[in-house]
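# Structural description and commentary
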Amino acid sequence: MTNNMIKLNKVLILFFSTTLLFLSCSHKKVHISSDLNTNTIKDVFIQKNNEIIWVDELEPEKLSEKFSFDEKFIAKEVECSPLMVITENISDNKVYPSLDGFTNLDISSMNSSLKKTINDFCESFQHKNIFTNVSKFFYSKFSFNAVLFTEDFKLSYEKNVGKFPYKADSNDENINLFNSYLLGKPEISLDFYEIPVRFYCQTKFVDLTLKIKDSVPYEIYDINIIGWENE
């Protein structure tokens, strides 16, 4: 009986010892694993952070600068950031229409004096006898070009439209040779403006090019007939 008790005691002691050892090892293992995981995340963070190449800001003052614009674009009380300027892509460029076979209708490069000379000529050319009025707009030393142009134009009109309404010795001033006209974008070549003009009459139109020297007073040196077309 005594031997059995001794054996039981030994078994119990061994059991409790084994249990305590197991619990102690298990606790240490979890703690170590936790430390390893924590250190691994920290190490990765430090490594990644060290790999980043940090640079100083370029023109940092631009990031806080306030922009102002012409009133036609944006009201003065509205504050614009650099990002807003970039995304909006504000531009002052204007867009002008073009006509096939003619040219762009941008005449913004003409000054007011040049425009007046051309418009005065076109109004006269539309409604007055070209034989007696065209020469008034020509440079005096090139008046012979006015004579050549009127004769050529009379022939081209009769060929493309019909009987020419004016005679060289006629005083008629109220016949509408054309209904309207358009000015095209001028070209500058060797100190001369070459200005395209399109005149409309009935169902046809004719394109002319006025050659005007770039000097005041603006006077015509020559006129070229480009051709007639149906509308």
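Residues numbered from 1 in each chain as written. Predicted model: local features only at pLDDT ≥ 70, side-chain atom pairs only at ≥ 80, totals over all residues. Heavy atoms only, no water.

## What about the side chain of Gln 126?
Our working definition: Helix and strand assignments follow DSSP, with helices taken as H or I runs no shorter than four residues and strands as E runs no shorter than two, numbered in order from the N terminus. Here a polar contact means two N or O atoms within 3.5 Å. Within protein one must be a hydrogen donor candidate and the other an acceptor candidate, and residues neighboring in sequence count only if both atoms are side-chain atoms. Whether two residues are in contact is decided by their heavy atoms: any pair within 4.5 Å suffices.
Residue placement: Gln 126 occurs in helix α3 (residues 112-127). A polar atom in the side chain of Gln 126 sits 2.9 Å from the backbone nitrogen of Ser 180. Apart from residues no more than four positions distant in its own chain, Gln 126 is found in contact with Ile 175, Asn 176, Leu 177, Phe 178, Asn 179, Ser 180, Tyr 181 and Phe 199.

## Section: the pattern of salt bridges
What counts here: A carboxyl oxygen of Asp or Glu within 4 Å of a side-chain nitrogen of Lys or Arg is what we treat as a salt bridge.
Scanning the model with the defined rule gives three salt bridges in all. For Lys 116, the salt bridge is made with Asp 120, and the minimal N-O distance between the two is 2.8 Å. One end of the pair, Lys 116, and the other, Asp 120, are both in helix α3, four residues apart, so they sit about a helical turn from each other.

## Looking at the packing of aromatic side chains
The geometry of an aromatic ring pair is captured by two quantities: the separation of the ring centres and the angle between the planes. Formally: In this analysis, rings of Phe, Tyr and Trp, with Trp reduced to its six-membered ring, are considered paired at centre separations within 6.5 Å, and the interplanar angle assigns stacked below 30 degrees, edge-to-face beyond 60, and tilted for intermediate values. Any residue under 20% of the maximum accessible area for its type is buried, any over 50% is exposed, and the rest in between are partly exposed; the area is computed with a 1.4 Å probe on protein chains only. Lysine NZ or arginine CZ positioned within 6 Å of the ring centre and within 35 degrees of the ring normal marks a charge as sitting over the ring.
Using the criterion set out here, one finds 24 aromatic pairs in the structure. Ring geometry for Phe 125 and Phe 149: centres 5.9 Å apart, planes at 35°, overall tilted. One end of the pair, Phe 125, is in helix α3; the other, Phe 149, is in helix α5 (residues 143-160), and 24 residues separate them in sequence. Accessibility assignment for this pair places Phe 125 and Phe 149 in one class, buried. A ring pair is formed by Phe 153 and Phe 178, whose centres lie 5.9 Å apart and whose planes are at 55°; its orientation type is tilted. Placement of Phe 153 in helix α5 and of Phe 178 in the loop between α5 and β1 (180-183) is noted, with a sequence separation of 25 residues between them. By relative accessible area, Phe 178 is classed as buried at 0%. Taken together through their ring pairs, the aromatic side chains of Phe 121, Phe 125, Phe 131, Phe 137, Phe 149, Phe 153, Tyr 157, Phe 164, Phe 178, Tyr 181, Phe 199 and Trp 228 make up a single cluster. The cationic tip of Lys 213 hangs over the ring face of Phe 192; the distance from NZ or CZ to the ring centre is 5.1 Å.

## Observations regarding unusual backbone geometry
Backbone geometry follows two general trends: most residues other than glycine have a negative phi, and most peptide bonds adopt the trans configuration. Between Val 216 and the following residue, Pro 217, the backbone shows a cis peptide bond with an omega angle of 0°. Tracing the chain through its elements places Pro 217 in the loop between β4 (204-213) and β5 (220-230). The backbone phi angle of Leu 190 is positive, close to 55°, even though this residue is not glycine. Among the structural elements, Leu 190 can be located in the loop between β2 (187-189) and β3 (192-201). Of note in this structure, Gln 202 is not a glycine but carries a positive phi near 50°. Within the element layout of this structure, Gln 202 appears in the loop between β3 and β4.

## Side note on the confidence of the model for the protein chain
What counts, and what does not: Every residue gets a pLDDT, meaning the predictor's confidence in that residue, from 0 to 100.
Here the protein chain averages 78 in pLDDT, and 65% of its residues register 70 or above. Segment residues 26-36 is flagged for pLDDT under 50; beyond a separation of four residues in sequence, or across chains, it makes zero contacts in the model.

## Let's talk about the side chain of Arg 198
Assignment of secondary structure puts Arg 198 in strand β3. Side chain to side chain, Arg 198 and Asp 207 meet in a polar contact 2.6 Å long. If near-sequence neighbours (up to four positions away) are discounted, Arg 198 is found in contact with Leu 99, Asp 100, Gly 101, Phe 102, Ser 180, Tyr 181, Leu 182, Phe 205, Val 206 and Asp 207.

## Here we look at the pairing of β4
To be explicit about the condition: Think of it this way: DSSP has to see at least two bridges between two strands before they count as a pair.
Summarising burial for β4: seven of the ten residues are buried, a large majority. Strand direction decides the pairing type here: β3 and β4, joined by ten bridges, are antiparallel. Residue pairing across strands places Pro 196 opposite Thr 209, the latter belonging to β4. Counting the residues that bridge the hairpin from β3 to β4 gives two residues, and of these Gln 202 lies at a positive phi of roughly 50°.

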